[in-house]
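Examining the three-dimensional arrangement
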Amino acid sequence: MRHVIIAIATLALALSFSNVRAQERPSDKGTSLALRLSGGEFRATDTLTGTRISDVGGGLVFTAGYDFNRVFGLQLEFAGNGFSSLAPGLDATTGSLSILMQYRFLPDHFARPYLRAGLGGYSLGFNDPLGDVTVSGGTIPLGAGFEFGIARHFSLGIEVMHYIVSYDEVSVELSGVGLTYDVDADGSQTNFSLVTIFYF
């Protein structure tokens, strides 16, 4: 419920600035680099046993993009998060590498709402004193946010991303011995991020 209230308040604030003109970008098209400071939750479910796990944590997201115009662009993104409250001595990390499309609304305004969608690979790793376990598969990242045109080469933003994950492989390493086998499991991760974008 708290996340819903924050999202509604953020949307109301962004819409209040939607008619303010933005600083002109260097060009209608070109490259960009973005850094996202994220916090979120991952969830995973083994479809055979019904076992579920989840945890909250934080991390960083790095994005390189190319805009074909003020509305549409493509992006390559790496996201990494860390989690440490599953159990004493057990740490978890998630990582994804994705190609995304981004569509901006109101591109000439100060507050520019946008949608993002793409495809990528995803991994969930567990680091235990006895050994390491990595569960990997594919992901469909979907997201929305607001970008605020602060300056000609610089924008700030807020964003929520949801990763739909389908796990298909498990890699286990115990005492230097590796084992890989297939798995059928579903999962997801939801990130809330503060975004910094540089345009070139």
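Computed from a predicted structure; not experimentally measured.

Rules used throughout
Residues numbered from 1 in each chain as written. Predicted model: local features only at pLDDT ≥ 70, side-chain atom pairs only at ≥ 80, totals over all residues. Heavy atoms only, no water. Helix = DSSP H or I, 4+ residues; strand = E, 2+ residues; numbered from the N terminus. Buried < 20%, exposed > 50% of the residue type's maximum accessible area, 1.4 Å probe, protein only. Contact = heavy atoms within 4.5 Å. Areas by Shrake-Rupley, 256 points an atom, 1.4 Å probe, with all protein chains shown as cover. 1 Å grid on protein atoms, 1.4 Å probe; cavity = no way out; pocket = protein on both sides within 12 Å on 5 of 7 lines; lining within 4 Å. Points joined across faces, edges and corners; volume = space filled by probe spheres on them. Nonpolar A, V, L, I, M, F, W, Y, C, P; charged D, E, K, R; others polar. Salt bridge = Lys/Arg side-chain N within 4 Å of Asp/Glu carboxyl O. Pairing = 2+ DSSP bridges.

What about the overall build of the protein?
When helices and strands are counted, the protein shows one helix and eight strands. Ordered by position in the sequence, the α and β elements of the protein form the string α-β-β-β-β-β-β-β-β. Counting across all 200 residues of the protein, residues that qualify as buried make up 38%. Long-range pairs, those at least 24 residues apart, make up 63% of the contacts in the protein with a sequence separation of at least 6. Summed over all atoms, the accessible surface of the protein reaches about 10,700 Å², with 67% contributed by carbon and sulfur.

A word on empty space enclosed by the protein
Tallying each qualifying case throughout the model produces four cavities of 30 Å³ or more. Its volume calculated, the largest cavity comes out at about 70 Å³. Contributions of two or more residues to the lining of the largest cavity are made by strand 1 (30–46), strand 2 (52–67), strand 4 (90–104) and strand 8 (177–199). Its residues placed into classes, the lining of the largest cavity shows four nonpolar, five polar and three charged.

Brief notes about the pattern of salt bridges
Per the counting criterion, the structure on display carries nine salt bridges. The partner of E147 in a salt bridge is R112, with the nearest N and O atoms 2.8 Å apart. Linking E147 in strand 6 (residues 131–151) with R112 in strand 5 (residues 111–128), this pair joins segments that are 35 residues apart in sequence. On the accessibility criterion, E147 (1% relative accessible area) is buried. Taking the shortest distance from any N to any O, the salt bridge between E159 and R116 comes out at 3.3 Å.

Looking at the pairing of strand 6
As defined by bridge partners, strand 5 adjoins strand 6 across 16 bridges and the pair is classed as antiparallel. Within strand 6, the residue paired with R116 across the bridge is G143. Linking two consecutive strands that pair antiparallel, namely strand 5 and strand 6, is a turn of two residues. Inspection of the sheet shows strand 6 paired to strand 7 (residues 154–174) by 19 bridges, in the antiparallel sense. Residue S136 lies in a different strand from strand 7, and its bridge partner there is E169. Between strand 6 and strand 7, which pair antiparallel one after the other, the connecting turn spans two residues.

Examining the environment of L156
With respect to the helices and strands, the residue L156 is situated in strand 7. For the pair L156 and L194, spaced 38 residues apart in the sequence, the C-alpha separation amounts to 7.6 Å. Excluding anything up to four places from it in sequence, L156 contacts F146, E147, F148, I150, V195 and T196.

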